[in-house]
Structures are given as C-alpha cells and as structure tokens.
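Listed below are the residues making up each chain.
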Amino acid sequence: MMLPERIGTGLPEAAPDASRGFRVLVIVVGACVVAPAAWLLPAERLDLRFVLLALVTVAVSSRVAVRIPHTAGRITVADTFIMLALLLYGGEAAALLAVAEGFCSSLRISRKALTVCFNGAVMACSTYATAWALRLATGRPEETLGAASAATLITAVCLMGLVQYLTNSGLVGFDKALKLREGFWQTWRRYYLWTSVTYFAGAATAGMLARLVAGFGFYPVAAAAPVTAIVYLTYQTYLKSVETAAAQAAMAERHVQELNRYLAEQERISRELEESREHFRAAALHDALTGLPNRTLLMNHLKLAVEHSKRRPDYRFAALFLDLDRFKVINDSLGHLAGDQLLVQLARRLEVCIRATDTVARLGGDEFAILLSDIEDYSDAARVAERIQEELSRPFHLGGHEVYTSASIGITLSDTGYQDPEAILRDADTVMYRAKANGKARHELFDEAMHARAVALLRTETDLRCAVERDEFRVVYQPILSLLTGEVAGFEALVRWQHPERGTVSPAEFIPVAEETGLIVEIGRLVLREACRQMSEWQARGIIRPEHYVSVNLSGKQFAQASLAETVDEALHATGLDPRCLRLEITESVVMGNAEAACSTLGSLRARGLGVSIDDFGTGYSSLSYLHRFPVDTLKVDRSFIGRMGEGDENGEIVRTIITLARNLGMQVVAEGVETARQGDLLRGLGCEYAQGYFFSRPLDPDAAARWLADRRGERAEADHTVFV
Ligand code: C2E
Ligand code: CA
Ligand code: CA
C-alpha cells in the first residue's frame with residue numbers, strides 16, 4: 001500500500017489552516033471508526049496467531065518494503081498484513097491493527113501528534129471502508145474465505161485493492177491539495193494515480209496468503225516466512241546492487257556528459273581565442289581607419305625586400321613616400337570626419353595603382369608609403385607616381401563637398417644598397433619634402449648626392465653623441481669692439497668641434513644636428529661654463545679689464561629649458577664671474593617665436609644682472625610692440641646686411657633704421673660680419689657703436705685671443721692716440 005505522506009516524502013510540519021482542519025476532521029472520523037471497531041471486536045476470534053500477526057505487522061513489516069523497479073512506489077509488507085488480517089480476522093481487527101501500525105510507522109518520521117494521529121486515522125478509515133465494501137459485496141471475509149470460489153476471491157481482492165486505494169489516496173491527496181493550494185484532481189493525478197498498482201499487488205498477496213492459510217493452516221504458512229525473508233533479502237540485495245550499478249552507470253553517464261560539455265567548452269574557448277588572436281594579429285598590422293597595412297607590416301615587407309635583393313642582385317624594388325598636399329586645410333575646414341573619409345577614399349585609389357605583389361601602407365596622418373617589389377628600373381616607380389597623381393586629380397566626394405587634392409611623393413630605389421628598412425623610409429621621407437619644397441603635386445627621386453648627405457648627417461649625429469662624452473668641444477673668442485673708441489668691449493664665445501678625424505667642424509654644420517637631437521642643451525651648458533671660466537681666468541691674470549664681457553649664444557632649445565636660469569646661475573657661481581660680464585645671445589626668430597614666454601625668461605635672466613642681446617637682428621619678423629617691451633640690452637645686426645651694405649642704398653637704409661630703432665629703445669647696436677674698413681666707416685657714419693668681424697679679428701682660441709689683446713694694447717700705446725680703422 002502506498003502512503004507517500006505517511007512513509008516519508010514529508011508532510012510539512014506547519015500545514016496551512018485548511019489542511020489542519022481537514023486533518024482534525026479525519027482524526028475525528030478515525031476515532032468514530034476505531035471506537036465501535038474496538039467495541040465490536042470479536043475477541044473470541046483473536047488468538048495467538050492474531051497476536052503474532054499484529055506484532056510482526058507493527059514491529060517488523062512496516063519497515064520492510066518491496067521496491068517496484070523503475071517507479072518510486074514501494075509495497076510495504078505491513079499493508080499486505082493488514083489486508084491479510086482483514087481477510088482472516090475481519091474489519092474491526094484489521095482497523096485496529098491499521099491504527100496501531102499507522103501510529104508506529106508515523107512515529108518513526110514525526111513527533112507531531114497531529115501528523116501521527118492523522119496517519120493513524122487515515123489507515124483506520126481506509127481499512128474500515130474496505131472491510132465494509134467487502135462485507136457488502138462478498139459477505140464477511142473472515143467467515144466466507146474458506147469456502148469462497150476463485151471468482152469470489154478475485155473479486156474480493158480487486159475490491160479490497162480498489163477501495164483501500166481510493167480511500168487512502170483520496171484522504172491523503174485531499175490533504176496534500178489543501179496544503180499545496182491546488183485542485184484535488186490535479187494533485188491526486190500527479191502524486192497518487194500511479195500508486196494504484198501497489199494496492200492491487202498488496203491485495204493480491206494478502207489474498208494469496210489468506211488462501212494458503214485457509215488451505216494449509218497458519219503455522220505452516222508462517223514457517224515459510226524465513227524462506228520468504230531470504231527471498232526478500234536476496235531480492236533487496238539484488239535490487240541494491242542493481243541500484244548501485246544503475247547509480248554508477250548514471251554517474252558515469254553524467255561524467256561522460258560533463259566531459260563532453262567540458263570538451264565542447266574547451267573547443268569553443270580555443271576557437272574564440274584563435275579568432276581573437278587572429279583579430280589582434282590583423283589589428284596589430286593594419287590601420288584601423290583604412291584597413292591598409294600599417295608601418296609595422298610595411299617594415300616587415302621592406303625587410304623581406306632587402307633580404308631578397310641581397311640574395312638576388314637583379315631584384316630591384318622602390319619605396320614611395322606619399323604625403324597629401326592640402327590635407328590640413330581640408331581637415332580644418334570640413335572637419336575630421338571628412339578628413340577620415342578622404343583618407344579612406346585615397347586608400348582605395350592607391351590600391352588601384354599597384355599590383356597585388358606591392359604593398360600600400362598608411363603610416364599615420366596623411367602619410368602613406370608604397371613598396372613596389374620587383375621593378376625594372378626607376379621609370380617603373382615614376383610611372384606609378386604619375387598614376388597616383390592622375391588618380392588624385394579626380395575630385396573626392398566628402399559629405400556633399402567636392403574636394404581636390406594632390407600629393408608630394410618621394411621615391412627611393414634599392415640600388416642605393418640599403419641594409420635597413422628604416423633608412424629606406426627615412427630617405428623617401430626626406431626626398432618627399434624636397435618634392436613639397438619644389439612646388440608640391442610632384443615626385444622626386446632620392447639620388448646619390450642626397451644619400452651621401454644623409455649618411456654624413458647620420459654620422460655627424462652618431463659622432464656628436466660621442467663628442468660630448470669625449471669632451472671634443474673647444475670655445476673660440478671673437479672680439480667685439482667700439483667703433484667710436486677702438487676699445488675692445490668684449491668677446492663672442494663660439495663653439496668649435498675638434499673632430500678626431502674630420503678636424504675642426506663648423507658650428508653651422510653640427511649645431512642644427514645638435515638642435516634636432518637635443519644634444520645642444522648639454523653642449524650649450526659646456527660652452528657657457530667654459531666661457532665664464534675663461535673670462536674669470538683672464539680677469540684674474542689681468543688680460544682683460546673688469547668691464548669686458550663675454551657674449552654666449554643660446555639655442556632655441558636651451559632658451560626653452562625650464563632649467564636655463566639654474567644653468568646660468570651654476571656657471572656663474574662655479575666660475576665666480578660677475579654676472580655683468582656675461583651676455584646671452586638669442587636669435588630674433590627664437591625670441592619672437594613665443595614672445596610672451598620669451599619676455600618673462602629674458603626678464604628673469606636680466607634680473608640676475610647679466611645682459612641680453614638679440615642675435616641676427618633683421619632676419620626674423622620682429623614685432624615692434626614686443627620689441628619695446630623686451631628687457632634687452634643689445635641688437636646684433638645680422639651680417640647679411642653688413643656684407644651687402646656697399647651694394648645699394650637699401651641695405652644701408654635697413655642698418656640705419658635698426659640703429660635708430662635701437663637708440664630709441666635705449667639699446668646698444670653691434671654690427672656683425674664687418675670684413676672691410678669701408679664697412680666700418682659706413683657703420684660709424686650711421687652712428688653704430690659696436691662691431692665684430694674678420695676685419696678686426698677672426699674668432700681666436702684663448703691663447704691667440706690673449707696674444708691678440710696684448711699686441712693690440714702695444715700697438716695702441718705706440719700710436720698714443722685714437723686712430724682707428
Ligand atoms: P652667430 O651667432 O651669428 O655667430 C657669428 C658667426 O659669424 C660665427 O660663425 C663667426 O665666425 C662668423 N663671423 C664673424 N665675423 C665674420 C665676418 O667678418 N664674416 C663672416 N662671413 N663671418 C663672420 P661660426 O662661429 O661659424 O658660428 C656660426 C653660428 O653657429 C653662429 O652664428 C651661431 O648661431 C652658432 N653658434 C656658434 N657657437 C655657438 C654656441 O656656442 N651655441 C649656440 N647655440 N650656437 C652657436
Ligand atoms: Ca651670435
Ligand atoms: Ca649673428
């Protein structure tokens with residue numbers, strides 16, 4: 001008999017109110033059944049056999065249940081025994097036994113009185129209802145069983161199973177439906193419909209046992225119990241091993257499924273990983289906007305081309321460096337979006353101009369580069385450049401605007417014998433600038449002379465780095481004189497590079513390189529320090545007078561350094577030179593490049609007591625409004641004006657204007673590059689106070705400068721009067 005609620009799946013301890021009421025009702029009905037049953041119990045029939053049956057039922061049989069394989073159902077032997085008691089001893093005895101059994105088995109799962117009583121009452125009600133059904137259908141079973149025909153017995157068994165099933169499952173199902181707050185039919189169908197088979201099996205077993213008892217007597221049948229027990233235990237053991245095997249099989253199945261899931265997951269992850277790797281690889285080598293190869297990929301291809309040309313001397317390639325001529329204008333006027341569109345369209349047009357074996361790459365901004373592999377000669381590269389210009393001559397359509405552009409293209413050929421892809425691109429870039437300077441919308445070839453110059457430049461750059469470490473710089477001094485008195489006013493310190501192989505290198509050659517590499521900051525610091533030291537020494541030795549000054553050139557890079565004032569202080573402090581003996585020369589273009597900032601830097605330098613000169617004056621574009629605000633002592637007129645002074649009035653006029661301007665602003669004027677006596681005369685005539693140039697002296701090394709001063713003093717003492725020039 002199946003009583004899921006009773007045997008275990010659990011009646012919640014706190015049942016809702018409706019369920020509680022129903023349970024109480026069932027308990028009351030149960031009590032009403034049990035009381036008359038106890039009263040009507042035919043005590044004379046209850047012999048030792050009944051006691052034994054009752055004991056076995058209560059103590060043992062409810063614990064023994066036969067599992068029905070592949071269902072959740074179990075046939076408890078207790079139910080079979082209760083039905084057996086019903087058949088052998090009548091409804092009253094069976095009802096009382098059912099109550100006792102119901103209590104005992106309930107107590108094993110719950111201490112709640114309501115639950116225990118309810119289960120007992122359900123058992124009592126269902127058993128008593130079954131007994132009455134049998135009585136009505138076939139008469140009292142305990143009396144008719146012995147003589148009952150097979151048909152009657154089968155009817156009794158079926159009826160017993162059916163009524164017991166319906167009452168039992170009906171009561172428990174109703175209770176469960178109340179608890180779950182769902183319809184009775186729905187609950188009953190879900191939980192109890194299938195349990196009918198267990199009732200009928202129980203009833204059939206009971207009927208069979210009852211017939212055996214009727215035929216062979218109680219004790220012979222009871223004696224067969226150990227055999228039945230052995231069969232039962234064997235069956236249980238078998239079931240257990242089947243269950244264990246099934247559980248293991250299920251577990252193995254689960255493991256296999258898990259493993260498959262895991263493998264599928266691994267496969268998915270590695271596929272995604274590979275995809276993202278591919279994606280990153282492509283992204284790392286391509287330009288996001290145009291989808292063209294980027295610089296890295298182009299470099300790889302260039303490297304391969306270089307390797308290839310080394311192995312096969314007849315293999316030639318060319319690199320084209322392309323820069324749009326009016327990209328900034330388009331970008332600024334139509335916006336970045338239009339600029340981006342232009343670059344994308346340009347990329348597509350460039351692709352049309354090359355073969356599948358060539359590479360067109362975007363290097364950044366509006367710069368593109370093309371590698372033409374395996375070409376015959378220069379004319380092939382020139383032809384591609386012309387095709388590109390032709391493609392670009394068609395208008396671009398950018399968001400409703402029609403835009404025209406062109407490109408400047410620099411070309412390098414593998415004939416130059418490149419070893420390094422960087423150098424190829426650098427030279428193509430260099431020559432592209434020449435194309436731009438020569439009028440744009442054209443291409444230029446990087447030739448041997450340019451290559452030689454580039455190599456020399458590279459060498460200078462490398463050597464310059466060593467020169468700082470090896471202390472290869474010297475300072476020479478060029479006197480600055482008064483045109484009025486002929487007295488020496490000071491010196492301009494000029495740096496020289498004593499190259500171990502090339503000899504003396506002119507600053508005009510290496511200063512721009514030093515500027516570009518930033519080395520000028522360190523070189524300038526050395527020159528400043530040395531010039532201050534030299535002045536201090538000369539002063540100490542009485543070679544110069546305290547009012548003589550040294551004028552040191554500052555480059556734009558140095559001038560922009562935040563630590564400039566600190567560097568100057570350090571040089572003065574270390575050499576003990578009076579700041580009034582130091583002047584700093586800054587070119588007009590540097591000063592005017594960022595006039596506001598220059599104003600404050602110059603102010604802070606002047607505040608230290610040293611002088612400031614504007615160098616190469618006249619070559620830049622001075623703003624007069626700034627000029628009068630600049631804290632400047634001296635204007636140095638650029639030597640180009642002095643050199644051409646005699647050629648026409650115009651240059652003379654410029655010099656005159658500068659002199660007048662300086663005088664009005666309270667500044668001194670130094671004329672640079674005076675090479676002839678006539679230039680000196682002219683300048684003096686224009687009222688220029690100071691001059692410097694080969695006519696007086698070339699820049700001299702310290703010893704020569706000291707000798708020059710001594711000689712000059714001697715001469716002047718001899719002359720005893722101020723005859724000059
Ligand atoms: P600069 O400052 O205009 O220096 C004057 C240049 O004119 C010097 O060339 C000098 O030798 C030259 N010179 C002097 N008198 C005559 C003359 O009568 N005729 C001609 N044709 N030239 C004359 P140098 O020494 O070759 O210097 C060239 C430039 O290099 C300088 O021009 C200056 O801009 C830069 N320079 C030199 N030394 C330094 C330095 O220590 N630091 C920085 N930053 N630049 C320096
Ligand atoms: Ca100078
Ligand atoms: Ca100058």
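Residues numbered from 1 in each chain as written. Chains lettered and ligands numbered in written order. Predicted model: local features only at pLDDT ≥ 70, side-chain atom pairs only at ≥ 80, totals over all residues. Heavy atoms only, no water.

Engineer: Can you break down the overall build of the chain residue by residue, with the values?
Structural biologist: Looking only at helices and strands, one finds 29 helices and 18 strands in the chain. Computed over the C-alpha atoms, the radius of gyration of the chain is 58 Å, more than 25% above the 27 Å expected from 2.2 N^0.38 for a compact globule of 725 residues. For the chain, the spread of C-alpha atoms along the principal axes amounts to about 175 × 65 × 50 Å. The burial tally for the chain puts 46% of its 725 residues in the buried class. Taking as baseline every contact in the chain between residues at least 6 positions apart, the subset at least 24 positions apart corresponds to 71%. Summed over its atoms, the accessible surface of the chain is roughly 35,700 Å², and 59% of this surface lies on carbon and sulfur atoms. Averaging the coordinates of the 76 positive side-chain charges in the chain and doing the same for the 88 negative ones gives two points 11 Å apart. (Helix = DSSP H or I, 4+ residues; strand = E, 2+ residues; numbered from the N terminus. Rg over C-alpha atoms; globule rule 2.2 N^0.38 Å. Buried < 20%, exposed > 50% of the residue type's maximum accessible area, 1.4 Å probe, protein only. Contact = heavy atoms within 4.5 Å. Areas by Shrake-Rupley, 256 points an atom, 1.4 Å probe, with all protein chains shown as cover. Lys, Arg positive; Asp, Glu negative; His and termini not counted. Charge placed at Lys NZ, Arg CZ, Asp CG, Glu CD.)

Engineer: Explain the environment of Phe184 residue by residue, including any values.
Structural biologist: Tracing the backbone through its elements, the reader meets Phe184 in helix 9 (residues 184-191). Under the relative-accessibility criterion, Phe184 is labelled partly exposed at 32%. With 10 residues separating them in the primary sequence, Phe184 and Phe174 have C-alpha atoms 5.7 Å apart.

Engineer: Please provide a residue-by-residue account of the packing of helix 22 (residues 564-575) against helix 24 (residues 595-606), values included.
Structural biologist: Two numbers describe how helix 22 lies on helix 24: the axes approach to 10 Å, and their chain directions differ by 20 degrees. The angle between the axes of helix 22 and helix 24 places the two elements in the roughly parallel class. The handedness of the crossing between helix 22 and helix 24 comes out as right-handed. Of the residues in helix 24, those touching helix 22 at Leu564, Ala565 and Val568 are Thr601, Ser604 and Leu605. Per-class residue counts for the contact of helix 22 with helix 24 are four nonpolar, two polar and no charged. (Axes fitted to C-alpha atoms, helices over the stretch in contact; angles between N-to-C directions. Parallel < 35°, antiparallel > 145°, perpendicular 65-115°, else oblique. Left-handed = near helix turned anticlockwise from the far one by under 90°. Nonpolar A, V, L, I, M, F, W, Y, C, P; charged D, E, K, R; others polar.)

Engineer: Can you explain the site of ligand 1? Please cite residues and give values.
Structural biologist: The environment of ligand 1 is formed by 21 residues, the closest being Gln478, Arg496, Arg639, Glu675 and Tyr694. Separating an oxygen atom of ligand 1 from a side-chain N or O atom of Glu492 is a distance of 3.2 Å. Residue Asn553 places a side-chain N or O atom 3.0 Å away from an oxygen atom belonging to ligand 1. Compared with its free state, where it exposes 780 Å², ligand 1 has 84% of that area covered by protein. Secondary-structure elements contributing two or more residues to the shell around ligand 1 are strand 11 (488-499), helix 19 (507-517), strand 13 (549-554) and strand 15 (611-617). The biggest single contributor to the shell around ligand 1 is strand 11, with four residues. (Near = heavy atom within 4 Å. Polar contact = N/O pair within 3.5 Å; in protein donor to acceptor, adjacent residues only side chain to side chain.)

Engineer: Hey, could you go over a nonpolar patch on the surface for me, with residue numbers and the actual values?
Structural biologist: Together, Leu48, Val51, Leu52, Leu55 and Tyr219 give the surface a local cluster of nonpolar side chains, amounting to about 490 Å² of exposed area. For the nonpolar patch, the element with the highest residue contribution is helix 3 (residues 48-60), accounting for four residues. Within the secondary structure, Leu48 sits in helix 3. Of the residues examined, Leu48 reaches a relative accessible area of 57% and is grouped as exposed. (Patch = residues over 30% accessible without salt bridge, like charges linked within 9 Å, V, L, I, M, F, W, Y side chains within 5 Å. Salt bridge = Lys/Arg side-chain N within 4 Å of Asp/Glu carboxyl O.)

Engineer: Before we move on, can you summarise the coordination of the calcium ion (ligand 3) with the specific residues and values?
Structural biologist: At this site the calcium ion (ligand 3) is bound by Asp615 (OD), Asp616 (OD), Glu672 (OE) and Glu672 (OE), with donor distances of 2.1 to 2.5 Å. Considered as a linear motif, the donors of the calcium ion (ligand 3) on their single chain read D-D-x55-E. A spacing of 3.9 Å is found between the calcium ion (ligand 3) and the calcium ion (ligand 2), which share Asp615 as a donor. Placement of Asp615 in strand 15 and of Glu672 in the loop between strand 17 (668-671) and helix 28 (677-685) is noted, with a sequence separation of 57 residues between them. Relative accessible area serves as the criterion here: at 5%, Asp615 is assigned to the buried category. (Donors = N, O, S within 2.8 Å, 3.2 Å for Na, K, Ca; no water.)

Engineer: Give a detailed account of the environment of Ala214, specifying residues and quantitative values.
Structural biologist: Note that Ala214 resides in helix 10 (residues 196-216). Note on Ala214: relative accessible area 45%, which makes it partly exposed. On a C-alpha basis, the gap between Ala214 and Leu145 in space is 7.7 Å, while along the polypeptide they are 69 residues apart.

Engineer: So what's going on with the confidence of the model for the chain? Which residues, and what values?
Structural biologist: The predicted structure's coordinates, where accompanied by low pLDDT, should not be read in detail. Taken as a whole, the chain shows an average pLDDT of 88; of its residues, 95% reach a score of 70 or greater. Note on residues 1-14: pLDDT under 50 across the span, and 51 contacts to partners over four residues away in sequence or across chains. (pLDDT = per-residue confidence, 0-100.)

Engineer: An account of the coordination of the calcium ion (ligand 2) is requested, with residue identities and associated values reported.
Structural biologist: The calcium ion (ligand 2) binds to the protein through Glu492 (OE), Asn553 (OD1), Glu585 (OE) and Asp615 (OD), with metal-donor distances spanning 2.1 to 2.3 Å. When the donor residues of the calcium ion (ligand 2) are listed from N- to C-terminus, their spacing reads E-x60-N-x31-E-x29-D. The class for Asn553 is partly exposed, based on a relative accessible area of 26%.

Engineer: Just give me the short version of empty space enclosed by the protein, but keep the residues and values in it.
Structural biologist: On inspection of all chains with the given rule, the structure shows one cavity of 30 Å³ or more. Residue lining of the largest cavity: Leu87, Leu134, Thr138, Pro141, Thr144, Leu145, Ala148, Thr152, Leu153 and Ala156, and that is the complete set. Of all the secondary-structure elements, those providing two or more residues to the lining of the largest cavity are helix 6 (113-138), helix 7 (141-144) and helix 8 (150-180). For the lining of the largest cavity, the leading source of residues is helix 8, giving three residues. Each residue belonging to the lining of the largest cavity can be placed in one class, and the counts come to seven nonpolar, three polar and no charged. (1 Å grid on protein atoms, 1.4 Å probe; cavity = no way out; pocket = protein on both sides within 12 Å on 5 of 7 lines; lining within 4 Å. Points joined across faces, edges and corners; volume = space filled by probe spheres on them.)

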